[in-house]
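Summary of the model geometry
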Amino acid sequence: MTEAILLVGGKGTRLRPLTVHTPKPMVPAAGVPFLTHQLARARAAGVEHIVLATSYLAEVFEPYFGDGSALGLHIEYVTEEEPLGTGGAIRNVAPRLNSGPDEPVLVFNGDILTGLDIRALVRTHETSGADVSLHLTQVSDPRAYGLVPTDGTGRVLAFLEKPQTPEEIVTDQINAGAHVFRRSVIDAIPAGRVVSVERETFPGLLEAGAHLQGMVDSTYWLDLGTPAAFVRGSADLVLGKAPSPAVPGRCGDRLVLPTARVARDAKLEGGTVVGEGAFVAEGARVFGSTILPGAVIEPGVVVTDSLIGTRARVGERAVLTGAVIGDGAVVGARNELREGVRVWCGARIPAGAVRFSSDQ
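Residues numbered from 1 in each chain as written. Predicted model: local features only at pLDDT ≥ 70, side-chain atom pairs only at ≥ 80, totals over all residues. Heavy atoms only, no water.

Here we come to the overall build of the protein chain. Counting its regular elements, the protein chain contains seven helices and 28 strands. Against the 2.2 N^0.38 benchmark of 21 Å for 360 residues, the protein chain shows a C-alpha radius of gyration of 22 Å, consistent with a compact globule. Over its C-alpha atoms, taken along the principal directions, the protein chain stretches across nearly 70 × 50 × 35 Å. Every one of the 360 residues in the protein chain was classed for burial, and the buried ones make up 54%. In the protein chain, the share of contacts with a sequence separation of at least 24, taken over all contacts with a separation of at least 6, comes to 53%. Entry remark: accessible area of the protein chain is about 15,500 Å², with carbon and sulfur atoms responsible for 50%. For the protein chain, the distance from the average position of its 33 positive side-chain charges to the average position of its 40 negative side-chain charges is 7 Å. (Helix = DSSP H or I, 4+ residues; strand = E, 2+ residues; numbered from the N terminus. Rg over C-alpha atoms; globule rule 2.2 N^0.38 Å. Buried < 20%, exposed > 50% of the residue type's maximum accessible area, 1.4 Å probe, protein only. Contact = heavy atoms within 4.5 Å. Areas by Shrake-Rupley, 256 points an atom, 1.4 Å probe, with all protein chains shown as cover. Lys, Arg positive; Asp, Glu negative; His and termini not counted. Charge placed at Lys NZ, Arg CZ, Asp CG, Glu CD.)

Shown next as structure tokens:
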């Protein structure tokens, strides 16, 4: 297998305001756009040619990655004028593929951080003779996912919608977002319309008697669809819990990019990232968080499990826990922001305006 399709066209609505100005795969994780980690892992697995299926803010990708030669890849770009769904996006890029009808093509989602053994998935596909092979992972609570039960040989039996009752939870296996397609299966997807591989293509293949093979790989796996998950994924990359050859530095408690400035007595822990041109002032404590380029953390600030957007500013002695601060936003001094708060791009919160404790 030498080529792959990477689906990067989603709007990332669950990640807003991170995705107001930046497509989801280009939001920095561990110091580089998240997409960089996926491309580097694909290259390490032997992939040489990747087609990016773009849509939302499509113009951002090519200026950054170019032809892919810096990563040892040949990258092409195909833009959907109107969103076509997962299956439609795969079919839309088919003319750019070089594989023959029976050759394998790797297809993976642009928002999954995983330690999947890609070569093992391809071997499973080849040895089983499958039409499509799926990476499956096991989750402790599968209620938020579609279920994929398999038989004793790993052959997929069904694709089940999100279970609503305990009786409907027949397996803990879910589709983990990486697949190997026989090229002819891609060409058979209807062109020019919205198609979902999960709801239409895969169930249709099963009904037609096609062979869909599941490979359970329970190494690191995380869906980066929410701000909390994205922050955690970035921290896990820095800590070395999630594997990637693209982390720009040694794994450890902190990753400080070259032009960032950190005061001598500031404390950075838990996989914290300080981006290019950002500044962390004296007495600040930052744990498990991402400080994007150009952001400013003023003296005495405490930031935990949060993401501070590009050129945002957090004022003196503010306390942020589980917060997302949009690009260019200003959080005034002595504010307290807790889990789930999202401050929109360019917003300004006056000093002491939001608190959960006394101001004394």
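Glancing now at the layout of surface pockets. A probe as big as a water molecule, rolled over the atoms, marks out the empty space that is left. Within this model, the largest pocket holds a volume of roughly 1,500 Å³. What lines the largest pocket is a set of 46 residues, among which T86, N109, D111, E198 and R199 lie closest to the centre. Of all the elements in the fold, those that place two or more residues in the lining of the largest pocket are α3 (85-92), β9 (173-182), α6 (197-207) and β11 (221-223). Looking at the lining of the largest pocket, the element that brings in the most residues is β9, giving five residues. (1 Å grid on protein atoms, 1.4 Å probe; cavity = no way out; pocket = protein on both sides within 12 Å on 5 of 7 lines; lining within 4 Å. Points joined across faces, edges and corners; volume = space filled by probe spheres on them.)

The subject of this paragraph is the sheet that holds strand β10 (residues 212-216). Judged by pairing direction, the sheet is mixed, and its seven strands sit side by side in the order β5-β4-β1-β6-β9-β8-β10 without closing on themselves. The open sheet has two edge strands with one neighbour each: β5 (74-79) and β10. Taken over all neighbouring pairs, the strand axes of this sheet differ in orientation by 25° on average, direction set aside. With five bridges connecting them, strand β6 (residues 104-109) and β9 associate as antiparallel partners. The residue bridging L106 from the neighbouring strand is V180, located in β9. Running over the sheet, α6 touches β8 (132-138), β9 and β10 and is turned about 65° from β9. (Pairing = 2+ DSSP bridges. Axes fitted to C-alpha atoms, helices over the stretch in contact; angles between N-to-C directions.)

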